[in-house]
Amino acid sequence: MTITRITHLPAGSDFRSLFERSAVQTGFLLTVEDRLGIERLLRHRGTKNAPNPLLLNGLLRHKLRISRGAPEPAPPGLVMAGCHVTYMISGDGARTGALSMSPVPIPGHVLVASLLGATLIGMRKLQKVPLLRDDGQIETVVVLDVSSSPDHDAA
């Protein structure tokens, strides 16, 4: 297939700014601390206890590639390590947990070293995205609320 008609932007247009605005509204934002935490999980094999570590590693690497840097201070409603997130998966009802960079399970926490946690990190309140499950099914996850953890505020 050959493209015969090429559309040109008007002179003086900065097409990058158009993409940046849409990426801010629809993409993922990672704080410097979260980006470093994900890189640490990957480097130190922190995903080895996941049901499918190869799939999870691929998702985390993809998240690092496609995410923009979050402004400092992080905006309210941004899902980041240490926050409490309330979310819903495919209409099943609201669930809540603290997002954690820990490589081992902790009661009441959603691990970034899981497909759910890897999907949630960098999302914003009311954002909805596809969620890949361990069994290969694809569902939808929506962030209902985000609040800072008292433990995280004290640190």
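Above this note sits the structure.
Just so we're clear, the structure is a prediction, and the values are computed from it rather than from any experiment.

Novice: Looking at this model, I keep getting lost on the overall build of the chain. Mind explaining?
Specialist: Across its full length, the chain carries 5 helices and 7 strands. Its helices and strands in sequence order give the chain the pattern α-β-α-α-β-β-β-β-α-β-β-α, from N to C terminus. Across the 155 residues that make up the chain, the buried fraction comes to 37%. Within the chain, contacts between residues separated by at least 24 positions form 57% of all contacts whose residues are at least 6 apart in sequence. For the chain, the computed accessible surface area is about 9700 Å², with 57% contributed by carbon and sulfur atoms.

Novice: What is the right way to look at the nonpolar core in this model?
Specialist: Nonpolar side chains in soluble globular proteins tend to end up buried together. Residues I38, V79, L120 and V141 are the most contacted members of the largest nonpolar core, which totals 32 residues. What I38 contacts, discounting residues up to four positions off in sequence, is L30, L60, L64, M101, V112 and I121.

Novice: What's the story with the layout of surface pockets in this structure? I'm lost.
Specialist: Estimates place the volume of the largest pocket at around 400 Å³. Lining the largest pocket we find 27 residues, and of these L111, S114, L115, L116 and D134 sit closest to its centre. If you list the elements that add at least two residues to the lining of the largest pocket, you get β3 (83-89), β4 (94-100), β5 (109-111), α4 (115-120) and β6 (128-132). In the lining of the largest pocket, the residues fall into 14 nonpolar, 9 polar and 4 charged. Listed by contribution, the elements that provide at least two residues to the lining of the second largest pocket are α3 (53-66), α4 and β6. Per-element tally for the lining of the second largest pocket: the top contributor is α3, with 5 residues.

Novice: Would you explain the packing of helix α2 (residues 32-43) against α3 in this entry?
Specialist: The angle between the axes and the distance between the axes are what describe a pair of packed helices. The contact between α2 and α3 brings their axes to 10 Å, and the two run at 150 degrees. By the criterion of interaxial angle, the relationship of α2 to α3 is roughly antiparallel. Here α2 and α3 pass one another in a crossing that is left-handed. Taking contact as the criterion, the partners of R35, I38, E39 and L42 in α2 are, on α3, N57, L60, R61 and L64. The residue inventory of the contact of α2 with α3, partitioned by class, reads 4 nonpolar, 1 polar and 3 charged.

Novice: Explain the side chain of T31 to me, please; I cannot follow it from the model alone.
Specialist: Relative to the elements of secondary structure, T31 occurs in the loop between β1 (29-30) and α2. A polar contact is formed between the side chain of T31 and the backbone nitrogen of D34, at a distance of 3.0 Å. Apart from the residues lying within four places of it in its own chain, the contact partners of T31 are A70, E72, A74, L78 and M80.

Cut-offs used in this document
- Residues numbered from 1 in each chain as written.
- Predicted model: local features only at pLDDT ≥ 70, side-chain atom pairs only at ≥ 80, totals over all residues.
- Heavy atoms only, no water.
- Helix = DSSP H or I, 4+ residues; strand = E, 2+ residues; numbered from the N terminus.
- Buried < 20%, exposed > 50% of the residue type's maximum accessible area, 1.4 Å probe, protein only.
- Contact = heavy atoms within 4.5 Å.
- Areas by Shrake-Rupley, 256 points an atom, 1.4 Å probe, with all protein chains shown as cover.
- Core = buried A, V, L, I, M, F, W, Y, C linked by side-chain atoms within 4.5 Å.
- 1 Å grid on protein atoms, 1.4 Å probe; cavity = no way out; pocket = protein on both sides within 12 Å on 5 of 7 lines; lining within 4 Å.
- Points joined across faces, edges and corners; volume = space filled by probe spheres on them.
- Nonpolar A, V, L, I, M, F, W, Y, C, P; charged D, E, K, R; others polar.
- Axes fitted to C-alpha atoms, helices over the stretch in contact; angles between N-to-C directions.
- Parallel < 35°, antiparallel > 145°, perpendicular 65-115°, else oblique.
- Left-handed = near helix turned anticlockwise from the far one by under 90°.
- Polar contact = N/O pair within 3.5 Å; in protein donor to acceptor, adjacent residues only side chain to side chain.

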